[in-house]
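# Structural characterization, general
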Amino acid sequence: MAEDVKSFGDLKSTLIKAKPQGQAAQAVDPGASKRDAKGRAYATGRRKNAVARVWIKPGKGVITINGKEEKLYFARPVLRMIVRQPLIAAARDGQFDVIVTVSGGGLSGQAGAVRHGISRALVNYEPALRAVLKPGGFLTRDPRAVERKKYGRPKARRSFQFSKR
């Protein structure tokens, strides 16, 4: 099969002949789920300075955050509600085990990051859920963050008290 290639035109025709036919059929399907070999879907969620790495797999509905149970890590019921919102909206509460590694920020930001990560992981696992989660705003990364402190001021925007004297 060694053909003599003397110009770029010859090279192109040689490459076209050598191209396997199966490559055209292996085009990436945008609606296909993204699961690893163990059947898990992965996604990253962010909120303020918090970053959550989320894996979901079919299971009993157990949520583990940094090796702790959900009730131990997020003691406030409001934070637990925020974490479960995408699962409830997609009617998948109790169907997936969720393993989360979260770092940075405070508890509120971490809960928002976990919510964002779970939403994205659900879409990676089951792309049809995008139509349910997108209108609820679960797939949008909340861009709000703390404004930096400026020099000559005690806080980001606060000024020192004005005195005419």
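What this report covers is the structure whose coordinates are included nearby.

How each quantity is defined
- Throughout this description, residue numbers start from 1 for each chain and increase along the sequence as written.
- Side-chain atom pairs in this predicted model are given and counted only at pLDDT of 80 or more, local residue features only at pLDDT of at least 70, and totals for whole chains, interfaces and linings cover all residues.
- Only hydrogens and water are set aside; all other atoms, that is, all heavy atoms of the structure, feed into the side-chain values.
- Strands are runs of DSSP state E lasting at least 2 residues, helices are runs of H or I lasting at least 4, and numbering of each runs from the N terminus.
- How far a helix is expected to stretch is found by multiplying one less than its residue total by 1.5 Å.
- Bend at a given residue is defined as the angle between two axes, one fitted to the seven residues that end at that position and one fitted to the seven that begin there.
- Only protein chains enter the accessibility calculation, which uses a 1.4 Å probe; a residue whose area is less than 20% of its type maximum is buried, one above 50% is exposed, and one in between is partly exposed.
- Contacts were defined at the residue level, with two residues in contact if any of their heavy atoms lie within 4.5 Å.
- Within 3.5 Å is the distance limit for a polar contact, defined as a pair of N or O atoms, with the added protein rule that one can donate a hydrogen and the other accept it, and that residues adjacent in sequence qualify only through two side-chain atoms.
- Any carboxyl oxygen of Asp or Glu that lies within 4 Å of a side-chain nitrogen of Lys or Arg is treated as forming a salt bridge with it.
- Pairs of strands are assigned from DSSP output, requiring at least two bridges between the strands.
- The convention used is that axes are lines fitted to C-alpha atoms, helices contributing only their stretch in contact, and that angles between N-to-C directions extend from 0 to 180 degrees.

### Details of helix 4 (residues 77-89)
Side chains three or four residues apart in an α-helix point the same way, a direct result of the helix having 3.6 residues per turn. Under the 1.5 Å per step criterion, the end-to-end length of helix 4 is 18 Å for 13 residues, consistent within 8% with the ideal 18 Å. At V83, helix 4 shows its largest kink, close to 40°, and the proline P86 lies no more than four residues downstream. Burial in helix 4 covers these residues: L79, R80, V83, P86 and L87. On its buried side, helix 4 packs onto strand 3 (63-65), helix 3 (70-73), strand 5 (96-103), helix 5 (107-125) and helix 6 (130-133). Trailing helix 4 by a residue or two, A91 shows a phi angle of about 60°, which is positive.

### Considerations on helix 5
Taking 1.5 Å as the rise per residue, helix 5 with 19 residues should run 27 Å; its terminal C-alpha atoms sit 26 Å apart, in good agreement. With 15 of its 19 residues buried, helix 5 lies for the most part within the structure.

### Side note on the side chain of H116
Topologically, H116 is positioned in helix 5. Judged by its relative accessible area of 5%, H116 is buried. Engagement of the side chain of H116 in a polar contact is seen with the backbone oxygen of L139, the distance being 3.4 Å. Residues within four places of H116 in sequence aside, it is in contact with T44, G45, R46, F138, L139, T140 and R141.

### Quick notes on the pattern of salt bridges
Between side chains of opposite charge, a pair can form when the charged atoms approach closely. Tallying each qualifying case throughout the model produces 8 salt bridges. A salt bridge links E147 to K150, with the nearest nitrogen and oxygen atoms 2.4 Å apart. Given a relative accessible area of 36%, E147 falls into the partly exposed group. According to the relative accessible area criterion, K150 is partly exposed, its value standing at 24%. A single salt-bridge network, built from bridges that share partners, covers R47, D142 and R144.

### A short note on the sheet that holds strand 3
In space, the 5 strands of this open sheet follow the order 1-2-5-3-4, with mixed pairing throughout. A single partner strand is all that each edge strand has here, and the edge strands are strand 1 (41-47) and strand 4 (68-69). Sheet analysis places strand 1 next to strand 2 (residues 50-58), joined by 7 bridges and oriented antiparallel. Bridging across to strand 2, T44 finds its partner in R53. Packed on one face of the sheet, helix 5 meets strand 1, strand 2 and strand 5 and runs near 150° to strand 1.

By themselves, these figures tell us nothing about what the structure is for.
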